[in-house]
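# Inside the fold
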Amino acid sequence: MSVSTAAADQTVCAPLPVLGRDVTVPLVTGGEVTYAALDYAASAPALQRVWDDVAAYAPYYGSVHRGAGYLSQLSTDLFENARRTVAEFLDCRADDQVVFTRATTDSLNLLARALPAGCEVFVFETEHHASLLPWKDARVTYLDAPRTPQQAVRTLEEALAARDPHGPALVCVTGASNVTGELWPVRELAAAAHAHGARIVLDAAQLAPHHPVSVRDLDVDWVAFSGHKLYAPFGAGVLAGRADWLREADPYLAGGGASRRVTRREDGGVDVEWHESAARHEAGSPNVIGAYSIASACKALTEAGFDTLVARERYLIEKVRTGLAEVPAVRVLSLFGDDAPRVGVISFVVEGWNSSHFAAALSAEYGIGVRDGLFCAHPLVRTLLGGAPENQGECGAPEAAPGEKSLNAIRVSFGAGTPDEHVDRFVTAVRELVTEGARWTYRTQDGRCVPAV
């Protein structure tokens, strides 16, 4: 999409109102500026619509499922309606379950606990740690980073063809990279998995806030995503999909809500009959407000229209990529190449700059919030930067002082609530920092670059 064409689309869809859009922050050089939140891939700001919905409900908050009072009944209806709203948002099948969790990480760990005995798991090294690490009780095959979508499909097909076709298997894949923003060929990977008798779970943490996700159309078995990336506050997430593995597994947490009946045996022990519904994996008092906020965000994005939101985001992506391309010292990281479709997540390095130093200067001198480090995707970032995959590093922490060579990167990310001014300010700031240098002195503190005072 050209900028001129997208500009026309952009006028149809203004940024969606989000919390914090008028917050001002101090600059080390003096004065204040409106904060430019460009770290959506970590946590997107809450939609004003979502916040208003939660605020309207808050006085009516009550316990769910087991209360006889009016507020408990109201909260129970709201909680279960939220489940139905999420199912509609994901275009789930009629017999799919929607389980509310704490986040994508929690969702995938839940699924990992529900794997049948002897299950093999196949996962690309390019995954976020939430997708890469939960499978400790299974036989895991880690697949090398592909350099094209077609190579991704071939790599998976070859790996699946070599497995025992009679045992259970699961493929875990992202929908959009949290490092490069590139879209993965989910539908084709799902077809490859099913052709070899495997199931597939989609990590939609970065995809769902930017593009519609249809369980039916993509033909995936499960989808996991987080509310805090979907413009919803509070710690809630979703695992939605096939019920059988979830129904046959022991509850993720044992306790009230997951149990249908508990009785004492004559020998003094306890017998438990567990629920077969989503409640089986939702023990304890659920995060009703978190679930409601996710449902509210699903409705808001659907009503805004993904076609319009995607068109405007493409316009912003083009502005950022064009601006960065005009700065020779900047190298944008990519697996699939410049022409690959992507969401509003772009990572890059700047020649001669430690990434933590650069990000600190963007914040302190321009009021721009980005992220630096390895983005909880260490193998992928090190592959893109040419680093050895066995190198150690704490998530998000730089590995060198300002001015030294560092194996980390800078990530800018944006979405439905991002105004043009934030993107324009970012592009200008990158150009000025590269050509003129920082206007302030920085020092290392607790592994990070901070302004010297």
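Presented here is an overview of the structure given in this document. (Residues numbered from 1 in each chain as written. Predicted model: local features only at pLDDT ≥ 70, side-chain atom pairs only at ≥ 80, totals over all residues. Heavy atoms only, no water.)

## Structural notes on the side chain of glutamate 120
Examined against the element boundaries, glutamate 120 turns out to sit in strand S5 (residues 120-124). Looking at glutamate 120, the relative accessible area reads 8%, which means it is buried. Discounting chain neighbours no more than four positions away, the residues touching glutamate 120 are Arg139, Arg163, Asp164, Pro168, Ala169 and Leu170. (Helix = DSSP H or I, 4+ residues; strand = E, 2+ residues; numbered from the N terminus. Buried < 20%, exposed > 50% of the residue type's maximum accessible area, 1.4 Å probe, protein only. Contact = heavy atoms within 4.5 Å.)

## Let's talk about helix H4 (residues 104-113)
In terms of burial, H4 is largely enclosed, as 7 of its 10 residues are buried. Regarding H4, the residues found buried are Thr104, Asp106, Ser107, Leu108, Leu110, Leu111 and Ala112.

## With respect to the packing of aromatic side chains
Evaluation of the coordinates by the stated rule reveals 12 aromatic pairs. Where tyrosine 57 meets tyrosine 61, the ring centres are 6.5 Å apart and the plane angle is 75°; that geometry is what we call edge-to-face. Judged by relative accessible area, tyrosine 57 falls into the buried class, the value being 4%. Relative accessible area serves as the criterion here: at 45%, tyrosine 61 is assigned to the partly exposed category. Among the aromatic residues, those joined into a cluster by ring pairs are Phe348, Trp353, Phe358 and Phe426. Geometry around tyrosine 366 places arginine 439 over its ring, the cationic atom sitting 5.0 Å from the centre. (Phe/Tyr/Trp six-rings, centres within 6.5 Å; stacked < 30°, edge-to-face > 60°. Lys NZ or Arg CZ within 6 Å of the ring centre and 35° of its normal.)

## Some remarks on the packing of helix H12 (residues 355-366) against helix H14 (residues 420-436)
Remark: H12 packs on H14, axes separated minimally by 11 Å, with the N-to-C direction vectors making an angle of 115°. H12 and H14 meet at a crossing whose hand is right-handed. Residues Phe358, Ala361, Leu362, Glu365 and Tyr366 of H12 touch H14, and the partners they reach there are Arg425, Phe426, Ala429, Val430, Glu432, Leu433 and Val434. Of the residues contributing to the contact of H12 with H14, the split by class is 9 nonpolar, no polar and 3 charged. (Axes fitted to C-alpha atoms, helices over the stretch in contact; angles between N-to-C directions. Left-handed = near helix turned anticlockwise from the far one by under 90°. Nonpolar A, V, L, I, M, F, W, Y, C, P; charged D, E, K, R; others polar.)

## Observations concerning the pattern of salt bridges
Considering all chains together, one arrives at 24 salt bridges under this definition. For the salt bridge of arginine 260 with glutamate 273, the shortest nitrogen-to-oxygen distance reads 3.1 Å. Separated by 13 residues along the polypeptide, arginine 260 in strand S11 (residues 259-264) and glutamate 273 in strand S12 (residues 270-274) bring together distant segments of the chain. A residue is classified by how much of its surface remains accessible, and glutamate 273, at 33% relative accessible area, is partly exposed. Measuring nitrogen to oxygen at the nearest pair gives 3.4 Å for the salt bridge that ties arginine 439 to glutamate 365. Highlighted residues: arginine 439 in the loop between H14 and strand S18 (442-445) and glutamate 365 in helix H12, separated in sequence by 74 residues. Residue classification places arginine 439 among the partly exposed positions, given a relative accessible area of 46%. (Salt bridge = Lys/Arg side-chain N within 4 Å of Asp/Glu carboxyl O.)

Any link to function would need more than the numbers given here.
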